[in-house]
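Examination of the molecular architecture
The primary structure of each chain is shown beneath.
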Amino acid sequence: MTTVYDIPADMLIRQVAEELKKNPQIQPPDWAAFAKTGAHKEMPPENDDWWYVRAAAVFRRIYTDGPVGIQRMRSAYGGALNRGSAPNRFKRGSGSIVRKIFQQLEAAGYVAHGVGGRTVTPAGRSFLDNVANGLKPEAATTAPGLAKY
């Protein structure tokens, strides 16, 4: 069966975001429309569905890199802070966004909190693998090397 590792990340994240929109447990907080994604950003995201896209990306990272904690995810979504004429400096991404997404994925039953950070539950692994399996024909047409899966 096709797994998350067999499908390009951009295709998988897009489809998982669409599936997470259907889950009532995954909802952006009221403040999400105004929040920046980190101290290194100047403006909030332009995409209206950015919460679901970030949740899908975090979910995929937990699957591939787990167990992971909030600090590691903050580092993954950080970037260079423009300090004017001074050299740029790395700043981690928003911890509140990552924390809320972790909590929502836990409430949905996709992620569990354990020693060393969050890990994907069997239900979460099944969810992601089923989405990946559904994307197999589309992935095979865009990337011919994936046809063998």
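Residues numbered from 1 in each chain as written. Predicted model: local features only at pLDDT ≥ 70, side-chain atom pairs only at ≥ 80, totals over all residues. Heavy atoms only, no water.

Section: the overall build of the chain
From N to C terminus, the chain includes 6 helices and 4 strands. Written out in order from the N terminus, the α and β elements of the chain read α-α-α-β-β-α-β-β-α-α. For the chain, the C-alpha radius of gyration of 16 Å lies close to 15 Å, the compact-globule estimate for 149 residues. Dimensions of the chain along its principal axes, counting C-alpha atoms only, are 50 × 35 × 30 Å. Classification of the 149 residues of the chain by burial places 39% in the buried group. Summed over all atoms, the accessible surface of the chain reaches about 8200 Å², with 51% contributed by carbon and sulfur. Charge separation in the chain, taken as the distance between the mean sites of 20 positive and 13 negative side-chain charges, equals 10 Å. (Helix = DSSP H or I, 4+ residues; strand = E, 2+ residues; numbered from the N terminus. Rg over C-alpha atoms; globule rule 2.2 N^0.38 Å. Buried < 20%, exposed > 50% of the residue type's maximum accessible area, 1.4 Å probe, protein only. Areas by Shrake-Rupley, 256 points an atom, 1.4 Å probe, with all protein chains shown as cover. Lys, Arg positive; Asp, Glu negative; His and termini not counted. Charge placed at Lys NZ, Arg CZ, Asp CG, Glu CD.)

Examining the packing of aromatic side chains
In the structure shown here, the tally under the stated rule is 6 aromatic pairs. A centroid spacing of 5.6 Å and a plane angle of 50 degrees characterise the contact between Y5 and Y63, whose relative ring orientation is tilted. Taken together, the residues Y5 in the segment before α1 (9-21) and Y63 in helix α2 (residues 50-65) connect sequence positions 58 residues apart. For the pair W31 and W51, a centre-to-centre distance of 6.0 Å together with 85 degrees between the ring planes defines the contact as edge-to-face. On the criterion of sequence distance, the pair formed by W31 in the loop between α1 and α2 and W51 in helix α2 is long-range, its members being 20 residues apart. By relative accessible area, which is 1% here, W51 ends up buried. An aromatic cluster is defined as three or more aromatic residues linked by ring pairs; in this entry it consists of W31, W50 and W51. (Phe/Tyr/Trp six-rings, centres within 6.5 Å; stacked < 30°, edge-to-face > 60°.)

Observations concerning the environment of T3
Here T3 shows up in the segment before α1. Residues T3 and E106, spaced 103 residues apart in sequence, show a C-alpha to C-alpha distance of 21 Å. With residues up to four places along the chain from it excluded, the contact list for T3 reads Y63, D129 and A132. (Contact = heavy atoms within 4.5 Å.)

A few points about the side chain of H40
Tracing the chain through its elements places H40 in the loop between α1 and α2. Of the residues examined, H40 reaches a relative accessible area of 12% and is grouped as buried. If near-sequence neighbours (up to four positions away) are discounted, H40 is found in contact with Y77, G78, G79, A80, L81, K91, R92 and G93.

Regarding the pairing of strand β4 (residues 117-120)
The two faces of a sheet get side chains in turn, since along a regular strand they alternate between them. Of the pairings in the sheet, the one linking strand β3 (residues 111-114) to β4 comprises 4 bridges and is antiparallel in character. Looking across to β4, one finds that G114 is bridged to G117. Linking β3 to β4, which pair antiparallel, is a turn of 2 residues; within it G116 sits at a positive phi near 90 degrees. (Pairing = 2+ DSSP bridges.)

Focus on the packing of α2 against helix α4 (residues 95-107)
Between α2 and α4, the least distance of the axes is 10 Å, while the angle of their chain directions is 75 degrees. The angle between α2 and α4 falls in the class roughly perpendicular. Note on element contacts: α4 touches α2 through I97, K100, I101, F102, Q104 and L105, opposite W50, W51, R54, A55, V58, F59 and I62. Of the residues in the contact of α2 with α4, the class split is 10 nonpolar, 1 polar and 2 charged. (Axes fitted to C-alpha atoms, helices over the stretch in contact; angles between N-to-C directions. Parallel < 35°, antiparallel > 145°, perpendicular 65-115°, else oblique. Nonpolar A, V, L, I, M, F, W, Y, C, P; charged D, E, K, R; others polar.)

Side note on the confidence of the model for the chain
Taken over all residues, the pLDDT of the chain has a mean of 90, while the share at 70 or more is 96%. Confidence scores differ between elements of the chain, with helix α6 (residues 136-142) showing the lowest mean pLDDT of 79 and strand β2 (residues 86-91) the highest of 95. (pLDDT = per-residue confidence, 0-100.)

A few points about the pattern of salt bridges
Inspection of the entire model under this criterion finds 5 salt bridges. A salt bridge links D65 to R61, with the shortest nitrogen-to-oxygen separation between them at 2.8 Å. With a gap of 4 residues between them, D65 and R61 both fall in helix α2, about one helical turn apart. In this structure D65 comes out as partly exposed when scored by relative accessible area, which is 32%. (Salt bridge = Lys/Arg side-chain N within 4 Å of Asp/Glu carboxyl O.)

Points about unusual backbone geometry
Following G66, the chain continues into P67 via a peptide bond in cis, with omega recorded as 0 degrees. Residue placement: P67 occurs in the loop between α2 and α3 (70-76).

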